[in-house]
Amino acid sequence: MNAYPRKPAPAILVNAILDPRSLADLDAASWERVLSCARRNAVLAYLGECASLAGVIDNLPEIPREYLLSARMSAARLAQLARWELDRVRRVLQAAGIPMMALKGAAYILRGMPHAATRLLSDIDIMVPPSHIAAAEQALLAAGWRATNVDPYDQRYYRKWSHEIPPLQYPGRLLAVDVHHTICPPVSRLRPDPEAFWIDSEARGDSDVRVLSPADSVLHAAVHLFFDSDFDGRFRDLIDLHELVVAFGADDAFWPRLVARAREQGLGRPLYYALQALSRVLGTPVPAVASQAAIEFRPPLPVAQWMNRTLANVLAPIDPQRWPPAHRGRLWLLYVRSHWLRMPAHLLVPHLVRKSLRRGRQGAANV
Amino acid sequence: MRVGSLSRDDAQTRMAANGLALHIPPITVRVRSPLRFLAEQMRDLYCDYELADAGDFADVDIRMVRVRGIRNFPHTEVQFIVDGTTPFDPFPLAQALPMFEWGLNWVFAHRMHRYLLLHAAVVERGERALVLPAWPGSGKSTLAASLSCRGWRYLSDEFGIIALEGVNVVPFARPAALKNESIDVMREFAPDAFIGTLYPETRKGTVAHFRVPTQSILRGRAPARVAAIVFPQFNAGASVSLSALGKATAFLKLAGNAFNYEVVGERGFRAVSALVRKSDSYVLRYGDLASAHAALDDIVRRTHMQ
Amino acid sequence: MVTTKSEIGWRLPAGQRLLFEDFDDGIVMFDALVGATHLLNASAAETLAIVEDAPGLATTDIHRRLLDRLSIPEAALPLSELEVLLWRLEDLNLVCAVAQ
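Each value, and the rule that gives it
Residues numbered from 1 in each chain as written. Chains lettered and ligands numbered in written order. Predicted model: local features only at pLDDT ≥ 70, side-chain atom pairs only at ≥ 80, totals over all residues. Helix = DSSP H or I, 4+ residues; strand = E, 2+ residues; numbered from the N terminus. Rg over C-alpha atoms; globule rule 2.2 N^0.38 Å. Buried ≥ 20, exposed ≤ 12 C-beta atoms within 10 Å, placed from the backbone. Contact = placed C-beta atoms within 7 Å. pLDDT = per-residue confidence, 0-100. Pairing = 2+ DSSP bridges. Axes fitted to C-alpha atoms, helices over the stretch in contact; angles between N-to-C directions. Parallel < 35°, antiparallel > 145°, perpendicular 65-115°, else oblique. Core = buried A, V, L, I, M, F, W, Y, C linked by C-beta atoms within 7 Å.

Caption draft 1: Geometry of the overall build of chain C. On a plain count of helices and strands, chain C comes out with three helices and six strands. What you see in chain C, going N to C, is helices and strands ordered as β-β-β-β-α-β-α-α-β. Computed over C-alpha atoms, the radius of gyration of chain C comes to 13 Å, within 12% of the 13 Å expected from 2.2 N^0.38 for 100 residues, which places it in the range of a compact globule. Once the C-alpha set of chain C is aligned to its principal axes, its extents read approximately 35 × 30 × 20 Å. For chain C, buried positions account for 20% of its 100 residues. Contacts spanning at least 24 positions in sequence make up 54% of the contacts within chain C whose residues lie at least 6 apart.

Here's what the structure looks like:
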């Protein structure tokens, strides 16, 4: 029917996210590919939410609509479980007098952000002050949580190189708890001051669980996207960044604060990449003043040009039709990370391969 | 046009090119694979199902590809790919079909939340459907397969698909996976029934698939009203006994064994409540198929008299 | 920190919705906030219904109403048992305690 070559599914998907009304024009074959691509990139529930907020979901054909709704239900259930897990952890840490901050998905849920219940979590991330990390681990273990990997290699890795104790899981419950004490790995070139995050943090709800300030939330998401995330989840992580920027960016005071904070905390480089990526892949609205200011954080021009050229490729949605999948993005991220983590490559590569193998087995699948 | 109307070569060519697509109500599935024996085995088991065009919308698109074996021997394993991901470890190459069947079950259970998905076999006689929930030792697949050889309609051996608005169950008729001794039991009980290739040494022992009788396929997508929920318990040599189950107990057993009760949330709670209220719940202990059949016939007869 | 019994009142958590289905062999309840399903006996079900109908009641007041609704004497369900039940429900986020 269509004489022209089909647009690739990643392009249709990005289009649909930015303008859900474009979903009305899709034929059956395109629908199949967009649903598959959204699933592959763990944004099917998010796409459903975009369609719903744009007021178009009820007008979509029945079958795709039902898949969008089903995906939203799955993700909403995970958000419900995350709230429960946060509540259980809060009770224990509060009784032990340990301050607690929710990070990433758990924080988006506490903030009531529109995309919070569309994410396929497999764990919740919390942070406690560095001086309390051992006490927090003890309190949770005493209350019934169990360390999830007893592999001595992983234990050593987590404690020495990372910013987490090994994940803890309560027997019989689905979501694990990652307890952090800072937002960047301790040996990395990025050395923000954890105490500053606590000082600027905000309280949420009628409990004492805190969340990062808007500027710190964006900076953390930027650090996570480039230096911390799974190879597979990067488009989804970019969407998180986009949502944060859209939510907080409406306030004019946010942007100068963001730039100043990045400078203060030595997180200018991740901010620069983040704004570049958002602009190139999603066209996220960023005030010219802010993009100009971020140039201060840019690496030397040849590096910047190479990085920016690669960004759009690496962070665009993965196309599920390609088999075997492309490796280019992985190598790029590997380089970036080994550089910033200051970890010898021969140590970094084996660990990340083990990590991704283990996650694959746990089967937190993109459904 | 039905899958069985394709020649063996056609089926293999389709599957290797743009995919063999077929309607398995309520969904359409496309399978792409270069494995000729897989096309042949599927053609046998799915011969009565309607073909779809490779370009039609497919709810699920599955690729089954050869992968390098762990002992470095090339191409001795098969991998299941859906949406560009591999949710499972590879299987031995010869087990491509069981892998496809189990994989499709897994995919279905994870994305069809427009329904409440009970883990159960479902059969129907005289406009009355019986839900036979799965639990270890239930023998539900063998029961469902054998009943379908004695005039019952076979809706499913794995999924009790409950429409959220009512107490209707929707069919999802797929070949019944028989294991170990059940294979011989079925052959003896229904010598004319088609049982496919034997797959020894799978993760669940020896497995073979019972082809759904044509009559059941021809009934198509028509839903059925649930008349009773019967929890089967097989014990070789035991005499048959039927005991009524309290509704709260039946509720918790059903909800506990459903694939997606927790995801569906409040509507799932309402659906299970309606189901146990509007039907009778039993535990059926049996030691042989004939006695079990008689007991189930009896249940249906009783519901007709109400 | 010691509080006397009459200083604690009980209500449902904000945004909570409880759905009940009564069967002959037990009461099944859905906690819509947490997404959990529970099997309750009559005293637990009635206690939750009382807390839902009259938020903020003190433990002793709930006890009086409960005995009345179930038509049982104090010996069948002493106040201490109700307290244990209420704290158990609190731990499951089904009720929350408020200072009076």
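Caption draft 2: Up close: the confidence of the model for chain A. All names here are of chain A. When pLDDT is averaged along chain A, the result is 85, and 81% of the positions lie at 70 or above. The least confident element of chain A is helix 16 (residues 345-362), whose mean pLDDT is 50; the most confident is helix 3 (residues 44-53), at 98. Scored below 50 in pLDDT, residues 360-367 shows 16 contacts in the model against residues more than four places distant or in partner chains.

Caption draft 3: Quick look at the sheet that holds strand 14 (residues 205-210) of chain B. Residues and elements named next belong to chain B. The three strands lie next to each other as 12-14-13, forming an open sheet whose pairing is antiparallel. The open sheet has two edge strands with one neighbour each: strand 12 (176-179) and strand 13 (199-202). In this sheet, neighbouring strand axes are inclined to one another by 40 degrees on average, regardless of whether the strands run parallel or antiparallel. Against the sheet, helix 5 (residues 181-189) contacts strand 12 and strand 14, and its axis sits at roughly 110 degrees relative to strand 12.

Caption draft 4: View of unusual backbone geometry. In the segment running from Trp-323 of chain A into Pro-324 of chain A, the intervening peptide bond is cis, with an omega of -5 degrees. Phi at Asp-83 of chain B is positive, roughly 50 degrees, even though this residue is not glycine. Positionally, Asp-83 of chain B belongs in the loop between strand 5 (77-82) and strand 6 (91-92). C-beta crowding within 10 Å serves as the criterion here: with 23 such atoms nearby, Asp-83 of chain B is assigned to the buried category. Phi is positive for Glu-201 of chain B, which is not a glycine, with a value near 60 degrees.

Caption draft 5: Focus on the interface of chain B and chain C. Taken together, the twelve residues of chain B in the interface contact twelve residues of chain C. Secondary-structure elements contributing two or more residues to the side of chain B that touches chain C are helix 7 (247-257) and helix 9 (266-278) of chain B. Per-element accounting of the side of chain B that touches chain C gives the leading share, six residues, to helix 7 of chain B.

Caption draft 6: Here's a closer look at the sheet that holds strand 6 of chain B. All names here are of chain B. Within the open sheet, the six strands sit side by side as 3-1-2-4-5-6. Their pairing is mixed. On the outer flanks of this sheet lie strand 3 (51-52) and strand 6, each paired with one strand and no other. In this sheet, strand 6 lies alongside strand 5 in antiparallel orientation, the contact comprising two bridges. Bridge pairing in strand 6 links Glu-77 to Pro-92.

Caption draft 7: Region of interest: the packing of helix 1 (residues 9-18) of chain A against helix 2 (residues 28-40) of chain A. Residues and elements named next belong to chain A. Running from N to C, helix 1 and helix 2 cross one another at 80 degrees; their axes reach a closest spacing of 9 Å. Taken together, helix 1 and helix 2 sit at an angle that is classed as roughly perpendicular. Every residue of helix 2 that contacts helix 1 at Ala-9, Pro-10, Ile-12, Leu-13 and Ala-16 is listed here: Ser-30, Arg-33, Val-34, Ser-36, Cys-37 and Ala-38.

Caption draft 8: Local environment of the nonpolar core. Grouped together as the largest cluster of nonpolar side chains are 112 residues, with contacts concentrated most on Val-131 and Leu-254 of chain B. Setting aside chain neighbours within four positions, we find Val-131 of chain B in contact with Leu-118, Ala-120, Val-122, Gly-160, Val-169, Val-226 and Ile-229 of chain B. One finds Ala-45, Ala-107, Tyr-108 and Met-307 of chain A within the second-largest nonpolar core, a separate group that totals 103 residues.

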